[in-house]
Amino acid sequence: MSTFLAEIQGWLAFLDRLPVLQQLLPVGLLLLGLLRLRRLPRRGRWSRLLDLPLVVQLLLGQVLIALVLLALHQRVGLVLLLGQFSLARLLLRLAERPLLARWLPPDSLQLLSTRLLRPLFLLAVMLAGIDALGSLQDLAGLPLGVWFGGAIRLGDLFSVLVVLYLLLVGLHLPAAGVSLLVQRGLGISEGSRRALDQILQYVIFSLGVIWAMGRLGFNQTGVLAIAGGLSVGLGFGIKEVFSNIVSGLWLLIEGSVRPGEVLMHEGEACEVRRLGPRATTLWRGGDNAEVVVPNQSFFTTATTTYTRSDRMRRCSLELKVAQSWNPEQVVALLEDLAADHPAVLTAPAPKALLVEFGSERYGYKLSFSIADPLTAGSVTADLRLAICRRFGDLGMDPPA
Amino acid sequence: MLALAALLQGCLGPRQTLHVVIVPTSRLEWLQRDGKDRIPWKPLLQEYQRLHPGLQLQVSVVDEAHLEETLRRDRSRGLGPDLLVLRAPVANALLQQGLVERLNDQRAWHRSQPLLEPALADRVTTAAGVSGLPAYNILTLACFNRQVVLRPPASLDDLMGLAASGRPIGVAVDPIGIWWSAGALGAQNAMVPILTGNPRVATASASPTADRAALLAWLTWLRQLALQSRVDIASGPRELVEGLESGRLSWIPCYSSSLGHLERSMGKRLGVAPLPGGPAGPPTPFGTVMVMALGSDSSPPQRRLALQLAELSLDPLVQREITLESLMVLPANRFVSVPVASSGRLAALEQAQRQFDERSKLLTASFSADRLRRTQPLVEDLLWKVMLGVVTPQQGTEALLRLSPPS
């Protein structure tokens, strides 16, 4: 670390040089001036310039400074380098707003920008800056010590961290692409596709970690010793976390809980949105809430799912009708009403049954099937409403 | 940014920094990357830091192939190095392009010049001025495995005999790998103008006919050498060194700057000797002088410090330490005696230096690396083709003569 700091301190010596100051000072003053001007109220014909994005103003100013320095036969390399950074930032901005915004939904664009594009931009600027001030190759060769039997150099560690980060944030699109291809090729279900997507991400990231350890020259015996120590720690301290991770992996492999599936959670049908390493995110349609459930709970308790083999759900509603009405007519009426609803499947057909004899009313049960399990509540409510309306039209007592 | 700079400066304390760029000899850059701290002039840096404890030396390595481009880019930004350590011909080329400062305007040069052999001073003197201050010499030697080669070959016939007896030897078509044999077969007078571009010096013993005959003799011998089954034609010095380290080769020509690396890997198995001579006399080892050249962007205090460091490199004590600690270079200061009696390696270096001074007269003059950079690949390609039998020695001779500059 001290060597690294000394290296950075060495770059400051460049500030002793007149040509360096002649380039940096105007750019620094330009930036400060622009920041100050942008706070002032807009007046006059030049105010339009102040409405331009800061990066555009900076780029124009840097070009102007470079032209003035060239006219004075001074050096401009640093100004041009800073201008390249501004240009790259402008291109990134253009790529984000008009281009990618056309094809990507806002939340995906936000994720892509904040997790991949902007970090990559910052990384490129940082590396270009270091390369300009010193030697990137020499800095990469700085020794950091011996870890797990491997002599670690700054460059190795940095490249490994960058690759792992890129794998972590950049794997979604390729994994989704591969799983889509597999779905089209083999005809697997949507749930299986999502499971494959997740498993691919885990597998590739795990391979990345193994590659990283090899690249850093970690001694396998040392890593195993640490893993052994960790397993003791896992047994006592973080066993719940570990248990959730293992449960999540197992659920994915088994396919019992997969993204896109609909299952019952605390009496309500929920859709699995994401199966994370520690917890599963469920979406509850009733109140548009996201429920985060530890993976372990699916692993240790029974789960009712409507989408294991198909997405059809058989629903039912029970009602009591005055015994004065002919049960056969009531049964036919209920089946007709269910069949008329657009969300109710024709096969298996709706079925009404007389299930109870009461002193004043008979009990009936109407069963019907729907394609989307999450709409069970709304379809049932629609049918109840239709029954009330039809009973009213026929002059019958409202059902109980 | 300036505020951050000031903050860092405040936290880390006010220290001066000198930016030094080492330019390893072409094709030997892997040696320098191997261990920047083991370079021969480590004693110089230590002594300099002892004299200037508050000074930070920031040393970086730039390959010769990318040097010009790097310097041009850094110069346009005002971020060029304060001092460069590089081969004299490269320094000469950079001076002609205005990428380093001439030294003859500096008092340090006038103080140091008497310490140098006039021939050495000539090697850094160009029409544009003095390109750098010579620090030490590097030469081509023979490196061998003592366990396999009990007595190093003293002549080209011995070398052939060594290969015939089943000991694998390695050569390469680059300046380090084979050009030394040109002198042993009398072809050096024809080769030097081809390489350096300096006009041929006409003497009674040297004529175009003699050049043709000598070149033919050399190329014929190279072809005969390549026909030996135990002779390995390597792609360059790195392959030769790795071959010797691994035991695949038992004898190779080597640059003295690779001795430290070889010693670390081979230990006492490493033997060092002068290169073998031939019917026309001793060999013509390739040698280069490493010089310290001034960067063109330094502030006045940085320039002063750079000159102090360059001047210190010729200090007799520092020169002796550089020589004795590395055992792979020879001092540039002519008043520093080399203890040849106590070190066989230094004796071999001294002999190679003598052969270089006496036999490579034209190469010891000042020349620009630009010409060598242009002709070297052509010559290497031609030697390669002759050794592999793609062209005959006669055809090779004519092709080489076509590369000669007009007299």
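Remember, it's a predicted structure, so these values are computed and weren't measured experimentally.

Looking at this structure, I do not really get the overall build of chain B. What am I missing?
Secondary structure summary: chain B contains 18 helices and 12 strands in total. Per-residue burial for chain B yields a buried fraction of 59% across its 407 residues. Expressed as a percentage of contacts within chain B between residues at least 6 apart in sequence, the contacts between residues at least 24 apart total 78%. For chain B, the accessible area works out to roughly 16,200 Å², and carbon and sulfur atoms hold 54% of it.

Please clarify how the sheet that holds strand 7 (residues 313–322) of chain A should be interpreted in this entry.
In any sheet, the strands associate via hydrogen bonds between backbone groups, in a parallel or an antiparallel arrangement. All names here are of chain A. Pairing within the open sheet is antiparallel, and its 3 strands lie in the order 7-9-8. Both outer strands of the open sheet, strand 7 and strand 8 (351–357), are each paired with one neighbouring strand and no more. Neighbouring strand axes in the sheet, compared pairwise and without regard to direction, differ in orientation by 25° on average. Across 10 bridges, the pairing between strand 7 and strand 9 (residues 361–370) is antiparallel. Counterpart to Glu318 in the pairing with strand 9 is Lys365. Strands in contact with helix 14 (residues 327–340) are strand 7, strand 8 and strand 9; relative to strand 9, the strand with the most contacts, it is inclined by about 25°. Contacting strand 7 and strand 9, helix 15 (residues 376–393) runs over the sheet at an angle of about 25° to strand 7.

Would you mind going over the state of the cysteines with me for this structure?
Defined simply, a disulfide is a covalent bond joining two cysteines at their sulfur atoms. Here the structure, examined in full by the defined rule, presents 1 disulfide over all chains. Paired through a disulfide, Cys143(B) and Cys254(B) show a sulfur-sulfur distance of 1.9 Å. In this structure, the disulfide formed by Cys143(B) and Cys254(B) twists by about 65° around the S-S bond and is classed as right-handed. Highlighted residues: Cys143(B) in strand 6 (residues 133–145) and Cys254(B) in strand 9 (residues 251–255), separated in sequence by 111 residues. Residue Cys143(B) shares its accessibility class with Cys254(B), and that shared class is buried. Looking at the unpaired Cys315(A), the closest cysteine sulfur is the one in Cys270(A), lying at 15 Å. Among the residues examined, Cys315(A) registers a relative accessible area of 6% and is labelled buried. With no disulfide of its own, Cys388(A) lies 18 Å from the sulfur of Cys315(A), the closest cysteine sulfur.

How should I be thinking about unusual backbone geometry in this particular structure?
Of all residues except glycine, most have a negative phi; of all peptide bonds, most are trans. All names here are of chain A. With an omega of -5°, the peptide bond running from Ala347 to Pro348 counts as cis. When you line up the elements, Pro348 lands in the loop between helix 14 and strand 8. For His73, which is not a glycine, the phi torsion comes out positive at approximately 60°. Checked against the element boundaries, His73 lands in the loop between helix 4 (54–71) and helix 5 (77–103).

What exactly am I supposed to notice about the pairing of strand 6 (residues 289–294) of chain A here?
Consecutive residues of a regular strand have side chains that alternate between opposite faces of the sheet. Residue and element names in this part refer to chain A. Side chains Ala289, Val291 and Val293 of strand 6 all project onto a buried face; the interleaved residues Glu290, Val292 and Pro294 project onto a face where none is buried. Note that strand 5 (residues 279–284) and strand 6 share 6 bridges and pair antiparallel. Residue pairing across strands places Ala279 opposite Pro294, the latter belonging to strand 6.

Would you mind showing me how to read the sheet that holds strand 4 (residues 268–275) of chain A here?
All names here are of chain A. As summarised here, the arrangement of the 4 strands in space is 3-4-5-6, forming an open sheet in which the pairing is antiparallel. Two strands close off the open sheet at either side, each with one partner strand: strand 3 (262–265) and strand 6. Geometrically, the sheet is characterised by an average inter-axis angle of 45° between neighbouring strands, direction not taken into account. When strand 4 meets strand 5, the two strands line up antiparallel, connected through 5 bridges.

Looking at this model, I keep getting lost on the domain arrangement of chain A. Mind explaining?
Often, the extent of an interface is quoted as the loss of accessible area on bringing the components together. Domain boundaries assigned for chain A yield domain 1 (2–137), domain 2 (143–237), domain 3 (255–300) and domain 4 (313–393). Placing a centre on the C-alpha atoms of domain 1 of chain A and another on those of domain 4 of chain A gives a separation of 69 Å.

Looking at this structure, how should I read the packing of helix 4 of chain A against helix 5 of chain A?
Relative placement of two packed helices is described by the angle separating their axes and the distance separating the axes. Residue and element names in this part refer to chain A. At a closest axis distance of 9 Å, the pairing of helix 4 and helix 5 adopts a crossing angle of 155°. Taken together, the axes of helix 4 and helix 5 are roughly antiparallel relative to one another. When the axes of helix 4 and helix 5 are compared, the crossing they make is left-handed. Here helix 4 contributes Val55, Val56, Leu58, Leu59, Gln62, Ile65, Ala66 and Leu69 to the contact with helix 5, which in turn contributes Val79, Leu80, Leu82, Gly83, Ser86, Leu87, Arg89, Leu90 and Arg93. Partitioning the contact of helix 4 with helix 5 into residue classes produces 12 nonpolar, 3 polar and 2 charged.

How should I be thinking about the interface of chain A and chain B in this particular structure?
Chain A puts 29 residues into the contact, and the matching count from chain B is 32 residues. Buried surface at the junction of chain A and chain B, summed over both partners, amounts to about 2,400 Å²; 52% is from carbon and sulfur atoms. When the buried surface of chain A facing chain B is broken down by residue, Gln9(A), Arg17(A) and Arg75(A) rank first, second and third, together holding 28% of it. Where chain A touches chain B, the interface holds 3 salt bridges. With its nearest N and O atoms 2.2 Å apart, the salt bridge here joins Arg75(A) to Asp297(B). Run the count over chain A and chain B and you get 12 residue pairs in polar contact (both at pLDDT 80 or more).

In this structure, what is going on with the packing of aromatic side chains? I would like to understand it.
The description of an aromatic ring pair uses the distance of the two centres, along with the angle that the planes make with each other. Under the definition given, this model contains 3 aromatic pairs over all chains. Aromatic side chains Phe357(A) and Tyr362(A) sit 5.1 Å apart centroid to centroid with 85° between the ring planes, which places their arrangement in the edge-to-face category. Geometrically, the ring pair formed by Trp179(B) and Phe286(B) is edge-to-face, given 6.3 Å between the ring centres and 80° between the ring planes. Taken together, the residues span a long stretch of sequence, with Trp179(B) in the loop between strand 7 (169–172) and helix 9 (180–184) and Phe286(B) in the loop between strand 10 (270–273) and strand 11 (287–294) at a distance of 107 residues. The pair Trp179(B) / Phe286(B) is uniform in exposure class, with both members buried.

I would appreciate a short explanation of helix 8 (residues 156–164) of chain B in the present structure.
Spacing of three or four residues puts side chains on the same side of an α-helix, whose turn is 3.6 residues. Residues and elements named next belong to chain B. Every buried residue belonging to helix 8 is among Leu156, Leu159, Met160, Leu162 and Ala163, and all of these are buried. The arc that holds every buried residue of helix 8, seen down its axis, measures 155°, which confines them to one face. Turned more than 90 degrees away from the buried face of helix 8, the exposed residues are Asp157 and Ala164. Along its buried surface, helix 8 packs onto strand 7, helix 9, helix 11 (208–227), strand 8 (231–234) and strand 9. At the C-terminal side of helix 8, Gly166 shows a positive phi close to 100°.

It is not clear to me how the side chain of Gln201(A) should be interpreted in this structure. Could you clarify?
Residue and element names in this part refer to chain A. Relative to the assigned elements, Gln201 resides in helix 10 (residues 190–215). Owing to a relative accessible area of 12%, Gln201 belongs among the buried residues under this scheme. One polar contact links Gln201 to His172, side chain to side chain, over a distance of 3.3 Å. Apart from the residues within four sequence positions on either side, Gln201 is in contact with Leu171, His172 and Ala175.

Just to check I follow, could you spell out the confidence of the model for chain A for this structure?
Detailed conclusions should not be drawn from predicted coordinates in areas where pLDDT is low. This prediction gives chain A a mean pLDDT of 85; 98% of its residues lie at or above 70. Of all the helices and strands in chain A, helix 11 (residues 220–236) of chain A carries the lowest mean pLDDT, 73, while helix 4 of chain A carries the highest, 94.

Quick question: what am I supposed to make of the pattern of salt bridges here?
As a working rule, side chains carrying opposite charge can pair if their charged atoms are close by. Under the definition given, this model contains 20 salt bridges over all chains. When the shortest N-O distance is used, the salt bridge between Asp232(B) and Arg248(B) registers 3.3 Å. Highlighted residues: Asp232(B) in strand 8 and Arg248(B) in the loop between helix 12 (237–246) and strand 9, separated in sequence by 16 residues. Residue class for Asp232(B) comes out partly exposed when judged on its relative accessible area of 24%. Here the salt bridges do not stand alone but share partners, grouping Arg75(A), Arg75(B) and Asp297(B) into one network.

Cut-offs and rules
Residues numbered from 1 in each chain as written. Chains lettered and ligands numbered in written order. Predicted model: local features only at pLDDT ≥ 70, side-chain atom pairs only at ≥ 80, totals over all residues. Heavy atoms only, no water. Helix = DSSP H or I, 4+ residues; strand = E, 2+ residues; numbered from the N terminus. Buried < 20%, exposed > 50% of the residue type's maximum accessible area, 1.4 Å probe, protein only. Contact = heavy atoms within 4.5 Å. Areas by Shrake-Rupley, 256 points an atom, 1.4 Å probe, with all protein chains shown as cover. Pairing = 2+ DSSP bridges. Axes fitted to C-alpha atoms, helices over the stretch in contact; angles between N-to-C directions. Disulfide = S-S within 2.5 Å. Domains from an automatic or database assignment. Parallel < 35°, antiparallel > 145°, perpendicular 65-115°, else oblique. Left-handed = near helix turned anticlockwise from the far one by under 90°. Nonpolar A, V, L, I, M, F, W, Y, C, P; charged D, E, K, R; others polar. Buried area = accessible area lost by both parts, 1.4 Å probe. Salt bridge = Lys/Arg side-chain N within 4 Å of Asp/Glu carboxyl O. Polar contact = N/O pair within 3.5 Å; in protein donor to acceptor, adjacent residues only side chain to side chain. Phe/Tyr/Trp six-rings, centres within 6.5 Å; stacked < 30°, edge-to-face > 60°. Arc of directions from axis to C-beta. pLDDT = per-residue confidence, 0-100.

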